[in-house]
Amino acid sequence: MTNKKLLKLTVSACLFMFLAMPAATGPAAAADGDKPADISVLKAKYKRPESVPYPKDNPYSVKKAELGKTLYFDPRMSASGTQSCATCHNPSFGWEDGMALGVGHGHKRLSRATPTILNLAWDEIFMWDGRAESLEEQALGPIQAEGEMNMAMDHLMGIIASIDGYKPLFAEAFPDDPQVSPDNIGKAIATYERTIVSGEAPFDRWINGDEKAISQEAKNGFVLFNEKANCAACHSGWNFSDGSFHDIGLPSTDIGRGKHVDLPAMQHAFKTVGLRNIDQRAPYMHDGSLASLEAVVDHYDSKFVQRESLSGDIKPLNLTEQEKKELVAFLRTLTSQDPPVTIPVLPR
Amino acid sequence: MRFSALLASALLAALTFAPAARAAEVEITQKDKAFSQETVDLKVGDSIKFLNEDDVTHNIYSKSEPKEFEVAKQDPGTSEVVTFDKAGEVKVRCAIHPKMKLTVNVTE
């Protein structure tokens, strides 16, 4: 072989070997989209607030909250005398009622699930379809609704005013205006509701730096929640809700907020719920149609209905079985061991 | 002399037929589920360019009489211009995120 030919052969061989070589061993270079999340940046978004906000026109007082609690647990607020706010918004079931759909006056089944009152002090509009613009307004709604407590407001005033034990409670709660009035009743109940805040959960201890507070599986779930599964697009912040309204593709015919806001995007749209203590609040969704957290994850992964009003933030997720398990493990870390609620002795 | 007169006439003509002041376009961004400002003052004919710099879809709208409009399902990274051609107060909201509030005050 001539030197020239040998040189050509050597160069070709080297080239071939170089091209045929496997990629360098060691950590694979990640594409930008696969960059591991900066976990401390994510965790900072979930710090618990320092205090509960109360509105300027209905500030907190111990006596107002006590009156509110008494009214909240008083079944004499209903026409049948058997249903109080607490009957459906029951502390034993995460302030819901453990059923797919609520039950109202005459034990008739309602068309939507009972939502929780947990952590509502931070919300701005209320009910599945957002039709109540304040907690004060919302408190009076179910009392008067025919299908729920079925109590006419002026009749209710007569009943409460005739109970002597309520007089000092109203006087102490509203020293400037000790009337038994719809306005005062709404303000008292709303004040009590604002005190219902879920306590410290294992997740919070992890956020505060205790690496042993939750499992590695749950930590992976947290990253998925914020990244691949995109849950945090709506379930954001320490209470895991931004109070937004979306059609998430549930097959029910209920058009939700679409009845009150006549826009295509609001058809089948319901309020984003907070996720604190969520594993105590089955079944899930506005119609209780999803029985478990696993079913919820499956729904968001691929089981949603495609229609014009579907939220732009809902897309197939292509989660693996392991990823689904990690998401559920994470959601379970949001539950706090809250002390049982004491039931008030009602005035006579 | 004749040239300066011609120039002077041309300038005068230009000034006389100068177009009215151009309508303003204000940019308002949506980020972290909030508008970049809570109020804005405009003149009739001015516009707002609504930019979605968020990582979620928005759906802003107004049902106020001076300007009813909707920017439906606005994807992240997109913008749309809305012109305000009547005086009055226009309340702009996001249908999806009711905490987002903007008041547009349009005057003649």
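Residues numbered from 1 in each chain as written. Chains lettered and ligands numbered in written order. Predicted model: local features only at pLDDT ≥ 70, side-chain atom pairs only at ≥ 80, totals over all residues. Heavy atoms only, no water.

**Quick word on the overall build of chain B**
- Of the regular secondary structure elements, chain B holds one helix and nine strands.
- Nonlocal contacts in chain B, meaning residues at least 24 apart in sequence, comprise 49% of its contacts between residues at least 6 apart.
- Here chain B displays about 6500 Å² of accessible surface, and carbon together with sulfur accounts for 55% of that area. (Helix = DSSP H or I, 4+ residues; strand = E, 2+ residues; numbered from the N terminus. Contact = heavy atoms within 4.5 Å. Areas by Shrake-Rupley, 256 points an atom, 1.4 Å probe, with all protein chains shown as cover.)

**Details of helix α11 (residues 293-303) of chain A**
- Among all positions in α11 of chain A, only L293, V296, V297, H299 and D301 of chain A are buried.
- Packing partners of the buried residues in α11 of chain A comprise α12 (321-332) of chain A. (Buried < 20%, exposed > 50% of the residue type's maximum accessible area, 1.4 Å probe, protein only.)

**A look at the pattern of salt bridges**
All names here are of chain A.
- One pass over the full model with this rule turns up 26 salt bridges over all chains.
- Measuring nitrogen to oxygen at the nearest pair gives 3.2 Å for the salt bridge that ties D204 to R48. Placement of the pair is D204 in helix α9 (residues 202-207) and R48 in the loop between α2 (39-44) and α3 (62-72), with a sequence separation of 156 residues.
- By relative accessible area, which is 2% here, D204 ends up buried.
- What makes R48 partly exposed here is its relative accessible area of 26%.
- When the shortest N-O distance is used, the salt bridge between K324 and D301 registers 3.7 Å. Pair noted here: K324 is in helix α12 and D301 is in helix α11, with a separation of 23 residues, a long-range link. (Salt bridge = Lys/Arg side-chain N within 4 Å of Asp/Glu carboxyl O.)

**Focus: the confidence of the model for chain A**
- This prediction gives chain A a mean pLDDT of 92; 89% of its residues lie at or above 70.
- The low-confidence segment residues 18-35 of chain A (pLDDT under 50) makes zero contacts with residues lying over four places distant or belonging to another chain. (pLDDT = per-residue confidence, 0-100.)

**Brief notes about the packing of aromatic side chains**
Residues and elements named next belong to chain A.
- Tallying each qualifying case throughout the model produces 23 aromatic pairs over all chains.
- Centroid distance Y46 to F222: 5.3 Å. Interplanar angle 75 degrees. Geometry classified as edge-to-face. Taken together, the residues Y46 in the loop between α2 and α3 and F222 in helix α10 (residues 216-226) connect sequence positions 176 residues apart.
- The exposure class assigned to Y46 is buried, which follows from its relative accessible area of 2%.
- Among the aromatic side chains, those forming a connected cluster through ring pairs are Y46, F203, W206, F222, F225, F240 and F330.
- Between K43 and the ring centre of W206, over which it is positioned, the NZ or CZ distance is 4.1 Å.
- The ring of F245 is capped by R257, whose NZ or CZ atom sits 4.6 Å from the centre of that ring. (Phe/Tyr/Trp six-rings, centres within 6.5 Å; stacked < 30°, edge-to-face > 60°. Lys NZ or Arg CZ within 6 Å of the ring centre and 35° of its normal.)

**A word on the pairing of strand β6 (residues 69-74) of chain B**
Residue and element names in this part refer to chain B.
- Where strand β5 (residues 58-62) meets β6, four bridges bridge the pair, whose relative direction is antiparallel. When the sheet's bridge partners are listed, Y61 is paired in β6 with E70.
- The loop that links β5 with its antiparallel partner β6 comprises six residues. (Pairing = 2+ DSSP bridges.)

**Here we look at the sheet that holds strand β7 (residues 79-83) of chain B**
All names here are of chain B.
- One open sheet holds the four strands; their spatial order is β2-β1-β4-β7, and the pairing between them is mixed. In the strand order of this sheet, the two ends are held by β2 (34-35) and β7, each with one partner.
- Sheet topology note: the strand β1 (residues 25-31)/β2 ladder contains two bridges and is antiparallel. Its bridge partner being in β2, K31 is matched across the sheet by A34.

**Structural notes on the interface of chain A and chain B**
- Taken residue by residue, the interface counts 24 residues in chain A and 14 residues in chain B.
- Taken together, both faces of the contact between chain A and chain B bury some 1400 Å²; the carbon and sulfur share is 53%.
- For the pair chain A and chain B, the interface holds two salt bridges.
- In this structure, the salt-bridge partner of D242 of chain A is K33 of chain B, at a minimum N-O distance of 2.7 Å.
- Of the residues contributing to the side of chain A that touches chain B, the split by class is twelve nonpolar, six polar and six charged. (Buried area = accessible area lost by both parts, 1.4 Å probe. Nonpolar A, V, L, I, M, F, W, Y, C, P; charged D, E, K, R; others polar.)

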